[in-house]
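Chain by chain, the residues run as shown.
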Amino acid sequence: MDNPVVLITGASRGIGRAIALKFASEGFACILAARNREKLEETASLIRNQYGSPTLIVPTNLRRDADIDNLASTALAQWGKVDVLVNNAGVLYLKPFLELSIEEFDEMMQVNMRAIFLLTQKILPSMIERKQGTIINIASLAGKNGFKNGTGYGASKWALRGWAASLMMEVREHNIRVVTIFPGSVDTDMAGQLPTAPRRESMIQPEDIARAAYLAYALPERTMLSEIDVRPTNPQKP
Ligand SMILES: NC(=O)c1ccc[n+]([C@@H]2O[C@H](COP(=O)([O-])OP(=O)(O)OC[C@H]3O[C@@H](n4cnc5c(N)ncnc54)[C@H](OP(=O)(O)O)[C@@H]3O)[C@@H](O)[C@H]2O)c1
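Before going into details, it helps to say that this report is about the structure given with it. Just so it is clear, the structure is predicted and the values come from calculations on it, not from any experiment. (Residues numbered from 1 in each chain as written. Predicted model: local features only at pLDDT ≥ 70, side-chain atom pairs only at ≥ 80, totals over all residues. Heavy atoms only, no water.)

Around the ligand, the surrounding shell holds 30 residues, and the nearest of these are Ser-12, Arg-35, Asn-88, Tyr-153 and Thr-188. Take Ser-12: an N or O atom from its side chain is 2.7 Å from an oxygen atom of the ligand. At 2.8 Å, a backbone N or O of Val-186 approaches an oxygen atom of the ligand. Starting from 900 Å² of accessible surface for the ligand in isolation, the protein chains cover 96%. Where the shell around the ligand is concerned, the elements lending two or more residues are α1 (14-25) and α5 (151-171). Residue composition of the shell around the ligand, grouped by class: 13 nonpolar, twelve polar and five charged. (Near = heavy atom within 4 Å. Polar contact = N/O pair within 3.5 Å; in protein donor to acceptor, adjacent residues only side chain to side chain. Areas by Shrake-Rupley, 256 points an atom, 1.4 Å probe, with all protein chains shown as cover. Helix = DSSP H or I, 4+ residues; strand = E, 2+ residues; numbered from the N terminus. Nonpolar A, V, L, I, M, F, W, Y, C, P; charged D, E, K, R; others polar.)

Within the fold, Thr-55 resides in strand β3 (residues 55-59). Since its relative accessible area comes to 17%, Thr-55 is described here as buried. A polar contact is formed between the side chain of Thr-55 and the side chain of Arg-48, at a distance of 2.8 Å. Discounting residues that sit within four places of it in the chain, Thr-55 has contacts with Cys-30, Ala-44, Ile-47, Arg-48 and Trp-79. (Buried < 20%, exposed > 50% of the residue type's maximum accessible area, 1.4 Å probe, protein only. Contact = heavy atoms within 4.5 Å.)

Further remarks concern the packing of helix α3 (residues 65-79) against helix α4 (residues 102-130). Packing of α3 against α4 brings their axes to within 10 Å, and their N-to-C directions diverge by 25 degrees. Judged by the inter-axis angle, α3 sits roughly parallel to α4. Seen along the crossing, α3 lies across α4 with a hand that is right-handed. Counted together, Asp-65, Ile-68, Asp-69, Leu-71, Ala-72 and Leu-76 of α3 and Arg-114, Ala-115, Leu-118, Leu-119, Lys-122, Ile-123 and Ser-126 of α4 form the full contact between these two elements. The class makeup of the residues in the contact of α3 with α4 is eight nonpolar, one polar and four charged. (Axes fitted to C-alpha atoms, helices over the stretch in contact; angles between N-to-C directions. Parallel < 35°, antiparallel > 145°, perpendicular 65-115°, else oblique. Left-handed = near helix turned anticlockwise from the far one by under 90°.)

How two helices pack is summed up by the angle between their axes together with the distance between the axes. Where α4 meets α5, the closest approach of the two axes is 7 Å, and the angle between their N-to-C directions is 15 degrees. Taken together, the axes of α4 and α5 lie roughly parallel to each other. In terms of crossing hand, the pair formed by α4 and α5 is right-handed. Contact residues: Phe-105, Met-108, Met-109, Asn-112, Met-113, Ile-116, Phe-117, Thr-120 and Leu-124 in α4; Gly-152, Tyr-153, Ala-155, Ser-156, Lys-157, Ala-159, Leu-160, Trp-163, Leu-167 and Val-171 in α5. Looking at side-chain class alone, the contact of α4 with α5 contains 14 nonpolar, four polar and one charged residues.

To continue, consider the nonpolar core. One recurring pattern in soluble globular proteins is that nonpolar side chains are buried together. Counting 44 residues, the largest nonpolar core has Leu-7, Ile-31, Leu-85, Leu-119, Ile-123, Met-127 and Ile-135 as its most contacted members. Looking at this core, the elements that each hand over two or more residues are β1 (5-9), β2 (29-34), β3, α3, α4, α5 and β6 (176-183). Ranked by residue count, the leading element in this core is α4, at ten residues. Aside from chain neighbours lying at most four places away, what touches Leu-119 is Leu-7, Thr-9, Ile-68, Leu-71, Ala-72, Leu-85 and Asn-87. (Core = buried A, V, L, I, M, F, W, Y, C linked by side-chain atoms within 4.5 Å.)

Before going further, it helps to spend a moment on the pattern of salt bridges. Evaluation of the coordinates by the stated rule reveals 14 salt bridges. Here Asp-189 and Arg-13 are joined by a salt bridge, their closest N and O atoms 3.4 Å apart. Here the residue Asp-189 occupies a position in the loop between β6 and α6 (206-218), and Arg-13 occupies one in the loop between β1 and α1, the gap between them amounting to 176 residues. For Asp-189, a relative accessible area of 56% corresponds to the exposed category. (Salt bridge = Lys/Arg side-chain N within 4 Å of Asp/Glu carboxyl O.)

Read from one edge of the open sheet, seven strands run β3-β2-β1-β4-β5-β6-β7, paired in parallel fashion. Two strands lie at the open edges of the sheet, namely β3 and β7 (227-230), each paired on one side alone. The sheet shows a mean angle of 15 degrees between the axes of neighbouring strands, direction not considered. Pairing between β2 and β3: five bridges, direction parallel. In the strand pairing of β3, Ile-31 is matched with Leu-56. Sitting on the sheet, α1 is in contact with β1, β2, β4 (84-87) and β5 (133-138), with an inclination near 170 degrees to β1. (Pairing = 2+ DSSP bridges.)

Okay, α6 next. Across its 13 residues, α6 extends 18 Å between first and last C-alpha, which sits within 8% of the 18 Å expected from 1.5 Å per residue. Of the positions making up α6, those classed as buried are Pro-206, Ile-209, Ala-210, Ala-212, Ala-213, Tyr-214 and Ala-216. Looking at the buried positions of α6, the neighbouring elements they touch are α1, β5, β6 and β7. (Expected span 1.5 Å × (residues − 1).)

This is the structure we're talking about:
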């Protein structure tokens, strides 16, 4: 593959779809992963119609280790490299602590952290070998602050921050950048659950996160935006 390659989890909708479209518009070949095959097909046809870039769909349940194996090995077998890995897929259950079930907690920890650990472990060796690569994690401002009804989600995103900050210190010597983005409320399905989300017109749009992610990639390789907080400039209450 002559084009640079980006692998994006959660590319079936929301922020992941916007990131896929942005990187495709910049000439990337895209590997798209999520559970919903039809929605992945939709993302792929948007990319093909607008930019004609190569796309590969790999339906993946990030709660299954075998699916993560399959995603990494398909990506590397098909196109031989991953230049940018975007760990974007995420799950939110917003509930008082005493009502949050252990199954919901486990799902958030599995998708928001464990799957990122596993997938990155499978892609990173090929980046180290090539002495280049960018790993972009989509965390949340909930990974830096506490919030009511966010015990499980917050725990998963704080864990992601700690993991990413440590990985960054470890792999920079191989010329690999680890970038973690911390958005506030973004106008997607997920934000529909947030009681405090600002009015839609003043909300961060998925395309804005996609631009932040691309900016982090597009800086000279010598420079790393290791953590990026993204907030609405002037949030209007609903
Ligand atoms: N929206 C916000 O306000 C906001 C704010 C801060 C951070 N974030 C973070 O941004 C990221 C993207 O969120 P979003 O707002 O775009 O949410 P979204 O619209 O709900 O999309 C979530 C994505 O994750 C995928 N996903 C969920 N469970 C999965 C699983 N088991 N296996 C594979 N894929 C799975 C979904 O795909 P399938 O359903 O097809 O599997 C979907 O593509 C998440 O990490 C989220 O925590 C969002």
